[in-house]
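Listed below, chain by chain, are the residues.
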Amino acid sequence: MKSSADVSSTMMKVDLSINHFLDRAGTLFPTNEIVSRLPDKSLVKHTYAQFYERTRSLAQGLKDLGLKKGDRVATLCWNHHAHLESYFGIPAAGGVMHTLNLRLSPDEIAWIANDAQDRFLIIDDILLPLYRQIEHKYKFEKVIVFPFSGAQVPAEFMDYESWLASTDSSHFEYAPHSEDDPVSMCYTSGTTGRPKGVVYSHRSTVLHTLVASLGDFWSLRGTDVVLPVTPMFHANSWGIPYGAVMMGVKMVFPGPHLHPDDLLDLMQLEPPTLSLGVPTIWMGLIQAYEAALTQQPGRWKLPAGMRSLVGGAAVPEALIRAFDKHGIWILQGWGMTETSPVCTISYPKAELRDAPLDERYRRAAMAGIPVPLVDLRIRNDEGQDQAWDGQHVGELQVRGPFITGSYHHVPVSEDKFTGDGWLRTGDVASVDTMGFVRITDRTKDLIKSGGEWISSVDLENALMAHPGIAEAAVIAIPDEKWSERPLACVVAKPGQKPQAEELAAHLLKMGFAKWQVPDRYEWIASVPRTSTGKFYKLKLREMFPK
Ligand code: ADP
C-alpha cells in the first residue's frame, strides 16, 4: 500500500517566460494598434502583427551580430514602439535589455554603461547629441540608431530600420533560457551613493506583470487604451509594457512630448482608458486643463472614465480631489526600481465600500495595501517589528519574488538588506489596521526638530491643498536651538502669493501642531525635478543650505 506521503504535484513544470507574452500578442491580437508620437508630433501606427514581426527581426538581427546569452544591450530611447520592440526583442535573443536614463549627465550614463558592461546600444537619432558626449567615455561595440525623426542615419552607425528590413527572421528561434535568466536591468537613481544595477528575470517579470494587471490595480482589459507617461527608461515604465503586450491592448506612446499641453492634445487624438505617471506631471496636467477651462473653453476634454495610476512619489490628496472633480479617479502606487516596481496600491477595499467620500480620498492619498506576493513589515531602529496601528512608524521593509535580493556586482550589505532576507527600502512608514501603508518620508528627508520627527510629505500635501499653491517641497535646515527646522519651498499659482501667516493658519487648520509649521517660506519659480520627474530635494538643500 502506498503511503499518503507519496503524493507529488501532477502539474507541468513550465518555465515562466516573457516570450510567451510576445507570442500571444502576435497570435491573438494581430490587429490591435501601437501608436507612437514622433518628434514632429505626428502619429505613427503599427499593428501587433507588425510589432511581432519587427521584434523577431530585432532578435534575429542581434543574434546575427553575435549577441551571446546574457550580453547587455543598452537602450537610450523615449517611449515609442521601437523601445517596446527592444523590451521583447533583446531578451528573445538571449540578451539583457539595459535601459539608460536619458536625463542623467553624460558622465553618469557612461559610468552606468561601464558598470553594466553594455555591448551594444540602441539609441534614438534625436539623442545622438547626448551620445556624442558619451562616446569618448564609454565605447559600445555597435551603435544602432533608430531614425525616430525620419532623418538619414549618419553612415558611421547602423540604421535600425534598414537593419530590421534586411534581416530574415523566418527561422527565428528563442534563445534557450530558464525562468531565472535575466531579461532586463535598470539602475537606481543613486541619490545616495553610486547608482546600483537591479536585474529582473523572466520569472520576476511575469509574476509582477500578472499581479499588477489584476482588477483594482491596472485592471487590464482587452478594450483598454494605455498611455504610459512614465518613462520606459525608468523601472521599465512600471512594467506596463509587459502587461499591455500580455493582454494585447492598444498602446499610445507620447514620444518626447511630455509637456502638459502635448499630453492633453494627445489625449484628444487617442483618448486613453488608463494612464500612468508621476504626481509632478499630473499636477502640471490638471493646472493646464483647469486654466484652459476658463481661458480656452472647449480646447481639451479629459477622457471620461480614464483610470490613472500615479506613484513614484507621494500623491497629494488635493491632486486626487482635483482629478475626481473631472471624473478621473487616481490610484496611487508605491514602489521602487528594486521592487519591479509595484508593491502597494491604494484602492477601495470592501470595508470602504460605504465609507464617506472624505475617507476614500484620505485612503487614496496613502500608498495603499501590499499587492499579492509582497510581504511587508515596519521595523524600528532597534530592528523590532512595529504594530500595524497607523501610529507606529519605522523603516518599511519588503520581500517577494519580484523584489531584488542584491545589486549587480555589489556585495550584499546590511544597510540595504536585512540578515533574514528583506529589502530595506529607506522609506519611513506606518501601516494601519486595514493594511494601508502611509509613507511619512524617506529616511534622508525626515526633519528632526527638538527631538521630534516632522513629516515633510505631510506638510507638502497640506500646503498643496491650499488654493494659492501649485507646488510645495519641504526640506530641513539646520537650527541652533531645534537642531533642524522645516523650510517650505513653494510655487504660487498664477496671480497668487499667499502670505506666510495665511499658510501657517492653513496648516494649523489642517491639524498640524504649532511647532511643526515651517517658520520660513521660499517662493521659487518651480521645484527642481530629478531625472525621473520627482521633486529633487537634494538640489533644494543645495539652494537653501541654511
Ligand atoms: P528614485 O526616486 O530614487 O529615482 P525609485 O523610482 O526607485 O528611484 O524611487 C523609489 C522611491 O520613490 C521610494 O523609495 C519612495 O521614497 C518613493 N516613492 C515611490 N512611490 C511613492 C509613493 N506612492 N508615496 C511616497 N513615496 C513614493
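We now turn to the structure provided with this report. (Residues numbered from 1 in each chain as written. Predicted model: local features only at pLDDT ≥ 70, side-chain atom pairs only at ≥ 80, totals over all residues. Heavy atoms only, no water.)

## What about the sheet that holds strand E17 (residues 375–379)?
For step 1, the next point in the chain: Reading across the sheet, the 4 strands line up as E17-E18-E19-E20 and stay open at both edges, with antiparallel pairing between neighbours. Across the chains shown, the open sheet's two edge strands, defined by having one partner strand only, are E17 and strand E20 (437–442). With strand direction ignored, the average angle separating the axes of adjacent strands in the sheet is 45°.
For step 2, the next point in the chain: Relative to strand E18 (residues 394–399), E17 runs antiparallel, the two sharing 5 bridges. Bridge pairing links Asp375 to Arg399 in E18. (Pairing = 2+ DSSP bridges. Helix = DSSP H or I, 4+ residues; strand = E, 2+ residues; numbered from the N terminus. Axes fitted to C-alpha atoms, helices over the stretch in contact; angles between N-to-C directions.)

## Description of the sheet that holds strand E25 (residues 520–523)
For step 1, the next point in the chain: If you walk across this open sheet you meet the 3 strands as E23-E24-E25, and the pairing is mixed. Here the strands that pair on one side only, and so sit at the sheet edges, are strand E23 (469–479) and E25. Across the sheet, the mean angle separating the axes of adjacent strands is 30° when strand polarity is ignored.
For step 2, the next point in the chain: As paired strands, strand E24 (residues 483–492) and E25 are joined by 4 bridges and run parallel to one another.

## A short note on the nonpolar core
For step 1, the next point in the chain: Grouped together as the largest cluster of nonpolar side chains are 176 residues, with contacts concentrated most on Leu76 and Phe88.
For step 2, the next point in the chain: Residue contributions to this core peak at 8 residues, all from E23.
For step 3, the next point in the chain: Those residues within four positions of Phe88 in sequence are excluded, and the remaining contacts are Ile18, Phe21, Leu22, Phe51, Thr55, Pro241, Tyr242 and Val245. (Core = buried A, V, L, I, M, F, W, Y, C linked by side-chain atoms within 4.5 Å. Buried < 20%, exposed > 50% of the residue type's maximum accessible area, 1.4 Å probe, protein only. Contact = heavy atoms within 4.5 Å.)

## Topic: the pattern of salt bridges
For step 1, the next point in the chain: Scanning the model with the defined rule gives 34 salt bridges in all.
For step 2, the next point in the chain: Residues Arg379 and Asp385 are paired through a salt bridge, measuring 3.0 Å at the closest nitrogen-oxygen approach.
For step 3, the next point in the chain: Linking Glu471 and Arg529 is a salt bridge whose minimum nitrogen-to-oxygen distance equals 2.8 Å. Taken together, the positions of Glu471 in strand E23 and Arg529 in the loop between E25 and helix H15 (537–543) put the pair 58 residues apart, joining distant regions of the chain.
For step 4, the next point in the chain: For Glu471, a relative accessible area of 9% corresponds to the buried category.
For step 5, the next point in the chain: Salt bridges here are not isolated pairs; linked through shared partners, they connect Lys13, Asp15, Glu179 and Arg203. (Salt bridge = Lys/Arg side-chain N within 4 Å of Asp/Glu carboxyl O.)

The analysis is restricted to geometry; functional conclusions fall outside its scope.
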